[in-house]
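The lines below spell out each chain.
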Amino acid sequence: MEVLNAIGRRKSAVARVYLAEGTGKITINKKDLTEFFPSAILQYVVKQPLLLLEADGKYDIKANLDGGGFTGQSQALRLAIARALVKVNAEDKKVLKDAGFLTRDSRAVERKKPGQPKARRRFQFSKR
């Protein structure tokens, strides 16, 4: 199997993933998964597609993460890994889609409008 790549996005985070057969090592920006995401919850979020398909120790993953915060980055990485796993085996698509790992979460921060302090908040109205 050659190296497969996929991309995942969430908020302003972008994850580029390179998937190859191996021992299950996950490297993000040249750091180990546990070093990049110290939180066990975020490590679990990243590994969810692998755990679902019972492919936890089958693939080596190299990822480049850019932009956003740690939550957005972990969810972007989860989407990219799920997309790469579908490229490996197309039969896994239904399982991953039913779990919601192939759906791009398009929610992002709404822009601030002029004449308002925030995106939707208005300045206090004064009648007199």
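Counting of residues starts from 1 at the beginning of each chain's written sequence and follows it residue by residue. Only residues with pLDDT of at least 70 get local features here, since the model is predicted, and only at 80 or more are side-chain atom pairs given and counted; chain-wide, interface and lining totals rely on the full set of residues. Side-chain metrics rest on all non-hydrogen atoms present in the structure, leaving aside hydrogens and water.

The protein chain goes by Small ribosomal subunit protein uS9 in an unreviewed UniProt entry, where it is assigned to Segatella maculosa OT 289.

*Asks:* Would you mind showing me how to read the overall build of the protein chain here?
*Replies:* Numbering goes from the N terminus for both helices and strands, where a helix is a DSSP run of H or I of at least four residues and a strand is a run of E of at least two. Broken down by element type, the protein chain carries four helices and five strands. Each helix (α) and strand (β) of the protein chain, taken in turn from the N terminus, gives the series β-β-β-β-α-α-β-α-α. Between the two quantities, the radius of gyration covers C-alpha atoms and the globule rule is 2.2 Å times the number of residues to the power 0.38. Against the compact-globule benchmark of 14 Å for 128 residues, the protein chain has a radius of gyration of 18 Å, which places it well outside the compact range. Oriented by its inertia axes, the alpha-carbon framework of the protein chain measures out at about 70 × 30 × 25 Å. Only protein chains enter the accessibility calculation, which uses a 1.4 Å probe; a residue is then buried when its area is under 20% of its type maximum, exposed when over 50%, and partly exposed in between. A buried classification covers 37% of the 128 residues belonging to the protein chain.

*Asks:* Any chance you could explain unusual backbone geometry here in plain terms?
*Replies:* Negative phi values dominate among residues other than glycine, just as trans dominates among peptide bonds. Even without being a glycine, Lys-11 presents a positive backbone phi close to 55°. Looking at where Lys-11 falls in the secondary structure, it is placed in the loop between β1 (4–10) and β2 (13–21). One non-glycine residue, Asn-29, lies in positive phi territory at about 50°. With respect to the secondary-structure elements, Asn-29 resides in the loop between β3 (26–28) and β4 (31–32).

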